[in-house]
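Residue-level structure breakdown
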Amino acid sequence: MNIQWYPGHMTKTKRMILANLSLVDIVIELLDARIPYSSKNPDIDEFAKSKKRLILLNKSDLADEHTTNLWKDYYKARDFHILAVNSKDGKIAANLSELVRTVMKDKIAQQKSRGRLTVSIRAMVVGIPNVGKSTLINSLSLMSKRGGKPTATADRPGVTRGKQWVKVANDFDLLDTPGVLWPKFEDPNVAENLAFTGALNDNILDNVTLATIFLERIATSRPQSLLDRYKLDEITDSQKLLESIAMKRGFKLKGNIPNLERAAITVLDEFRAGLLGRISLEKP
Ligand code: G4P
């Protein structure tokens, strides 16, 4: 698979993240729960080493629960605080506020001992494209509106004018500008995982090739998902599988030839929407 790499984006992004890091106490890093290794950019460990860190395994509603628990153990063992979430879920604000307070308990205790009544915690959200950063910020901001308090826009010392803060709780503010990290996809397996989940622009990839590689992976790890979803009689090689899926769905070109492009797009879309079941693509 030939995937284009645009280093220019990385420089701009790095500048944005570094410029805003000094404003926050904690960095909330979103990973895709289906690919918690492939969706992690190791650069953030370097950028944010002076900050408290929290990993959210987002889209956990689409991932296999048992595998997600293995990933939680994996990152906990590496000293990360971690929570599996679904950013579209309304309960996320309460769970996140609570965990953030736990992560920041030393700062809170220290400031309270100096006489501060409320200690406000400020956070930044980072993650690769399409991992759910805007959805998360939006859910948290809606939550604060529903609670009757308008979303705060702050004019604080050291804060660039016009910078937007979302008030999640009385003592928890989120920087409304998410840091977009570019994935590291030198490893072909990582590149494939990012492409399957839709983290890369589909226009730079050939759908039929991508879907064929995807079917090969799922035919080995989760054959029943394919048999059930596409009413197939048997698992064959992945090229034939794509043809069978096209024929079963009635995607045909002139002369009764299977429309592989349409079948490929369907398979990828249905996986991304969770219609093949809850599937994790990698284990720790
Ligand atoms: P980004 O800012 O990091 O680039 O990602 P964004 O929030 O735009 O989310 C990308 C897609 O992922 C959106 O779908 C969004 O709805 C979906 N998404 C985000 N978080 C979750 C989650 O926890 N679970 C599930 N199942 N989906 C999630 P979309 O198809 O592009 O848009 P829409 O049709 O849902 O609005």
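First things first, this report covers the structure right here in the doc. What you see is a predicted model; the values in this text were computed from it and never measured.

**Some words on the overall build of the protein chain**
For the protein chain, the helix and strand inventory stands at eleven helices and nine strands. Per-residue burial for the protein chain yields a buried fraction of 49% across its 284 residues. Across the protein chain, every contact between residues at least 6 apart in sequence was considered, and the portion connecting residues at least 24 apart equals 70%. Accessible area for the protein chain stands at about 14,300 Å²; split by element, carbon and sulfur atoms hold 50% of it.

**Here we look at the packing of helix α8 (residues 207-221) against helix α10 (residues 238-248)**
Interaxial distance between α8 and α10 falls to 8 Å at its minimum, and their mutual angle equals 105°. As far as their axial angle goes, α10 and α8 are roughly perpendicular. In contact with V208, A211, T212, L215, E216 and A219 of α8, α10 contributes S238, Q239, L241, L242 and I245. Per-class residue counts for the contact of α8 with α10 are seven nonpolar, three polar and one charged.

**Side note on the pairing of strand β4 (residues 121-127)**
With respect to burial, β4 is a largely interior element, six of its seven residues being buried. Both β4 and strand β6 (residues 172-175) contribute to a ladder of three bridges, which runs parallel. Paired with I121 across the bridge in β6 is F172. Across two bridges, the pairing between β4 and strand β7 (residues 179-180) is parallel. Residue pairing across strands places G127 opposite V180, the latter belonging to β7.

**A few points about the site of the ligand**
Around the ligand, a shell composed of 15 residues is seen, among which D61, S87, K133, S134 and T135 lie nearest. S87 is positioned such that a nitrogen or oxygen atom in its backbone is 2.8 Å from an oxygen atom of the ligand. Here an oxygen atom of the ligand and a backbone polar atom of V131 are 3.3 Å apart. For the shell around the ligand, the element with the most residues is helix α6 (residues 133-146), which contributes three residues.

**Here we look at the side chain of S60**
Position of S60 among the secondary structure elements: in the loop between β2 (52-58) and α3 (65-76). Not counting chain neighbours up to four residues away, the residues in contact with S60 comprise A33, A84, V85, N86 and R278.

**Quick word on helix α9 (residues 223-230)**
Within the sequence span of α9, burial applies to S225, L226, L227 and Y230. Structurally, α9 contributes buried residues whose contacts are with α8, α10 and α11 (260-272). A positive backbone phi angle near 50° is found at K231, which sits one or two residues after α9.

**Comments concerning the packing of aromatic side chains**
Within this structure, the stated rule accounts for six aromatic pairs. Where W71 meets Y74, the ring centres are 5.2 Å apart and the plane angle is 75°; that geometry is what we call edge-to-face. Taken together, the positions of W71 and Y74, both in helix α3 and three residues apart, correspond to about one turn of that helix. The partly exposed category is assigned to Y74, whose relative accessible area is 24%. On the numbers, 5.2 Å between centres and 65° between planes, the contact of F196 with F214 is edge-to-face. Here F196, found in helix α7 (residues 188-197), pairs with F214, found in helix α8; they are 18 residues apart in sequence, far enough to count as distant. Of the two residues, F196 and F214, both sit in the buried class.

Thresholds applied
- Residues numbered from 1 in each chain as written.
- Predicted model: local features only at pLDDT ≥ 70, side-chain atom pairs only at ≥ 80, totals over all residues.
- Heavy atoms only, no water.
- Helix = DSSP H or I, 4+ residues; strand = E, 2+ residues; numbered from the N terminus.
- Buried < 20%, exposed > 50% of the residue type's maximum accessible area, 1.4 Å probe, protein only.
- Contact = heavy atoms within 4.5 Å.
- Areas by Shrake-Rupley, 256 points an atom, 1.4 Å probe, with all protein chains shown as cover.
- Axes fitted to C-alpha atoms, helices over the stretch in contact; angles between N-to-C directions.
- Parallel < 35°, antiparallel > 145°, perpendicular 65-115°, else oblique.
- Nonpolar A, V, L, I, M, F, W, Y, C, P; charged D, E, K, R; others polar.
- Pairing = 2+ DSSP bridges.
- Near = heavy atom within 4 Å.
- Polar contact = N/O pair within 3.5 Å; in protein donor to acceptor, adjacent residues only side chain to side chain.
- Phe/Tyr/Trp six-rings, centres within 6.5 Å; stacked < 30°, edge-to-face > 60°.

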